[in-house]
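# Notes for the structure review
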Amino acid sequence: MVARPLIGVSTYLESGARWGVWEMEAALLPAGYPRLVQRAGGLAAMLPPDAPEHAAATVARLDALVIAGGPDVEPVRYGAEPDPRTGPPARERDAWELALIEAALQARIPLLGICRGMQLLNVALGGTLVQHIDGHVELPGVFGRHPVKPVPGTRYADAVPEQVSVPTYHHQAVDRLGEGLVVSAYAEDGTVEAVELPSAPWVLGVQWHPEMGEDLRVMRALVRAAS
C-alpha cells in the first residue's frame, strides 16, 4: 500500500463552540477541508494555533500545507489603515499562519492557500490587499458561485485548463502582488482569483473555496506534488 502524503491544514480557536452538553473553547476547522484532502488522496492533519516559533518544526513533519479560509487579515500586516468594512483583527491567527507560510516557503514544501490563505500568502511576500469589493458575497453565511478563468501556461491552468464556476465567499482580494507571485486566474470582473509562485516547487493560492465544491483537481495537484 502506498502511503498517503500528510497534508497539514491550519485551524482556528473559537471561544463559544458547542457539542453535546459542552460549550467551551475549541480548535475548529470546517469538515470540508479534511474531507477534500482525504477525497484527493491525502492524509489530513489539523494544525491548531501555536506559537510562531514552532512553525518550522511543525512544517518539517508535513508533506504539504494548506492555509484555510477565515477572517480578514489585519491591514497593519501590509502597511494599511483599516477600512470601516474590514473585520476585527485575528492577530494570533495572523502571526501563526504567516509563520507557517514562511516556514513552508523556506522548506520548499507544497503550499495551498484558500481564500484568506491566498491573501496571507500575498501579504507574506510583501503584497497588499483590497479591503472591500462588492459582488463576491451573496448573503451572509451563504456561499455563492461565479466563473473563474485560468491564465494559460500557469500551474493552475495545468490542473484546471477551462473556465469553471467556483464556490465563493469573500469581500477582500489581492491588490499589489507579492514578490515573485504571478496571477493564474481571474474572475469576470477582473478580481485576482488565483496566484502562484513559479520559483517554488508548488505554491498556489485560490480565492474561492474548493472545500465547498465537488472539483478535486486543485487538491489532487497538491497531493501529487506532496507524494
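For the structure, see preceding data.
All figures in this text were calculated on a predicted structure; none of them were measured in a lab.

The next subject is helix α4 (residues 116-124). Counting along an α-helix, one turn takes 3.6 residues, and residues three or four places apart therefore face a common direction. α4 sits mainly inside the fold: eight of its nine residues count as buried. Looking at α4, one finds that the buried residues are R116, G117, M118, Q119, L120, L121, N122 and V123. The first or second residue beyond α4 is G126, which carries a positive phi of 90 degrees.

Once that is clear, we can look at the sheet that holds strand β1 (residues 6-10). Strand order in the open sheet made by the nine strands is β4-β1-β5-β6-β13-β12-β11-β8-β9, with mixed pairing throughout. The outermost strands of the open sheet, each flanked by one partner alone, are β4 (43-47) and β9 (164-168). If you compare each strand with its neighbour and ignore which way they point, the axes differ by 25 degrees on average. Across the sheet, helix α3 (residues 91-107) touches β1, β4, β5 (64-67), β6 (111-114) and β13 (203-206), and the angle it forms with β5 is around 150 degrees.

This brings us to the pattern of salt bridges. Overall, the coordinates contain nine salt bridges when judged by the stated rule. A cluster of three or more residues bridged by salt bridges with shared partners is formed by R93, D94, E97 and R116.

All right, on to the pairing of strand β3 (residues 22-28) then. Taken together, the six bridges between strand β2 (residues 12-19) and β3 define a ladder with antiparallel strand orientation. From the neighbouring strand, Y12 faces β3, where its bridge partner is L28.

Turning to the layout of surface pockets, a few remarks are in order. Over the atoms, a rolled probe matching the size of one water molecule traces out where space is still vacant. The space that makes up the largest pocket amounts to roughly 630 Å³. Considering the residues around the largest pocket, the lining is formed by 25 residues, among which Y12, G69, G70, P71 and R93 are closest to the centre. Where the lining of the largest pocket is concerned, the elements lending two or more residues are β2 and α3. Considered class by class, the residues forming the lining of the largest pocket number 12 nonpolar, nine polar and four charged.

V66, L112, Y156, L204, M219 and L222 are the most contacted members of the largest nonpolar core, which has 32 residues in total. Looking at this core, the elements that each hand over two or more residues are β1, α1 (32-39), β5, β6, α5 (155-159), β9, β13 and α6 (217-226). Sort the elements by how many residues they give to this core and α6 lands first, with six residues. Discounting chain neighbours no more than four positions away, the residues touching L222 are I7, A64, V66, P110, L111, L112 and W202. Core analysis: the next-biggest nonpolar cluster, separate from the first, contains 31 residues, L98, A103, L181 and A200 among them.

Cut-offs and rules
- Residues numbered from 1 in each chain as written.
- Predicted model: local features only at pLDDT ≥ 70, side-chain atom pairs only at ≥ 80, totals over all residues.
- Heavy atoms only, no water.
- Buried < 20%, exposed > 50% of the residue type's maximum accessible area, 1.4 Å probe, protein only.
- Helix = DSSP H or I, 4+ residues; strand = E, 2+ residues; numbered from the N terminus.
- Pairing = 2+ DSSP bridges.
- Axes fitted to C-alpha atoms, helices over the stretch in contact; angles between N-to-C directions.
- Contact = heavy atoms within 4.5 Å.
- Salt bridge = Lys/Arg side-chain N within 4 Å of Asp/Glu carboxyl O.
- 1 Å grid on protein atoms, 1.4 Å probe; cavity = no way out; pocket = protein on both sides within 12 Å on 5 of 7 lines; lining within 4 Å.
- Points joined across faces, edges and corners; volume = space filled by probe spheres on them.
- Nonpolar A, V, L, I, M, F, W, Y, C, P; charged D, E, K, R; others polar.
- Core = buried A, V, L, I, M, F, W, Y, C linked by side-chain atoms within 4.5 Å.

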